[in-house]
Amino acid sequence: MAEELEAALPDDVCDLAERILGAAKEAVGAAKEAGWQLATAESCTGGLLAALFTDVPGYSRVFDRGFVAYSDQAKCDLLGLADDLVANCGAVSRAVAEAMAAGALDRSQAQLAISITGFAGPAGEDDEEGLVHLALAGADGSLTHREEHFGPIGRDGVRIAALRAALDMLREKLDLTA
C-alpha cells in the first residue's frame with residue numbers, strides 16, 4: 001500500500017515527506033538521548049506534529065502527549081488559558097502560543113512542549129492568512145517564540161511550513177543545528 005501511494009505522488013512531495021519525517025526522527029532521537037519527553041499543543045496543524053512523533057518507530061516513550069486545541073474554548077479548557085487572554089490577544093498571537101506551550105508542559109510529564117497556532121487559510125477580514133505563532137516551553141523555565149508569515153500558500157502549505165518551523169525550533173533547542 002505504501003509503495004502504491006508513493007508511486008502516485010510526485011517526487012517533490014515524497015522528498016518533502018521524507019525530509020519532514022527525517023527531521024522528526026532526529027528531534028525525537030535527540031530528546032530520547034537527553035532523557036526528555038515531548039508534548040505538543042496544536043491548533044492550525046490539527047495534531048499533525050503529534051502524528052509525526054508517533055510515526056517514529058522505537059520512540060514511544062519520548063512522546064508523552066498531544067493536545068489538539070482548535071477552538072478558543074478548547075485552548076482554555078485543555079491548556080488552562082485564561083478566557084480574557086484569548087479574547088484580548090487573539091487566538092493567533094505570541095501570548096497565546098506561549099501560554100499554549102506552557103499549558104501543555106504543565107499538563108504533561110514532558111520536559112519540552114511545543115505549540116502551534118495560526119491562520120492556515122483565509123480567516124476573518126483583519127486576519128493574515130499564513131500567520132503562525134509557535135512557542136517552545138522547557139522544564140528549565142525557557143520559553144522561545146517564533147512568528148512566521150508564510151503568506152497565502154494554501155491550508156496544506158501553511159500546515160506543512162508550520163511543521164517544518166516547529167521541528168526547526170526543536171532542533172535548535174536540542175542543539176542539532178549544523
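Structural data are supplied above this passage.
Residues numbered from 1 in each chain as written. Predicted model: local features only at pLDDT ≥ 70, side-chain atom pairs only at ≥ 80, totals over all residues. Heavy atoms only, no water.

Focus: helix H6 (residues 94-106)
(1) Moving on: When the terminal C-alpha atoms of H6 are compared, their 18 Å separation across 13 residues agrees well with the 18 Å that a helix rising 1.5 Å per residue should span.
(2) Moving on: Buried within H6 we find Val96, Ala97, Glu98, Met100, Ala101, Gly103, Ala104 and Leu105. (Helix = DSSP H or I, 4+ residues; strand = E, 2+ residues; numbered from the N terminus. Expected span 1.5 Å × (residues − 1). Buried < 20%, exposed > 50% of the residue type's maximum accessible area, 1.4 Å probe, protein only.)

A look at the pairing of strand S2 (residues 63-68)
(1) Moving on: In this structure, strand S1 (residues 38-42) lies alongside S2, joined through five bridges in parallel fashion. Across the sheet, the residue bridging to Leu38 is Phe63, located in S2.
(2) Moving on: Between S1 and its parallel partner S2, the chain crosses via helix H3 (residues 48-54), and the hand of that crossover is right-handed. (Pairing = 2+ DSSP bridges. Right-handed = clockwise from strand over helix to strand, strands pointing away.)

What to know about the environment of Ala34
(1) Moving on: Among the secondary structure elements, Ala34 is positioned in helix H2 (residues 11-34).
(2) Moving on: Along the backbone, Ala34 and Leu174 are 140 residues apart, and their C-alpha atoms lie at a distance of 8.4 Å.

Some thoughts on the nonpolar core
The tendency in soluble globular proteins is for nonpolar side chains to be buried side by side.
(1) Moving on: Leu38, Leu49, Phe53, Ile116, Leu167 and Leu170 are the most contacted members of the largest nonpolar core, which has 33 residues in total.
(2) Moving on: Elements supplying a minimum of two residues to this core: H2, H3, strand S3 (112-118), strand S4 (131-138) and helix H7 (155-173).
(3) Moving on: Setting aside anything within four residues of it in sequence, one finds Leu170 in contact with Ala27, Leu38, Phe53, Leu112, Ile114 and Leu136.
(4) Moving on: Within the second largest apolar cluster, 20 residues are counted, among which are Ala39, Phe67, Leu81 and Val96. (Core = buried A, V, L, I, M, F, W, Y, C linked by side-chain atoms within 4.5 Å. Contact = heavy atoms within 4.5 Å.)

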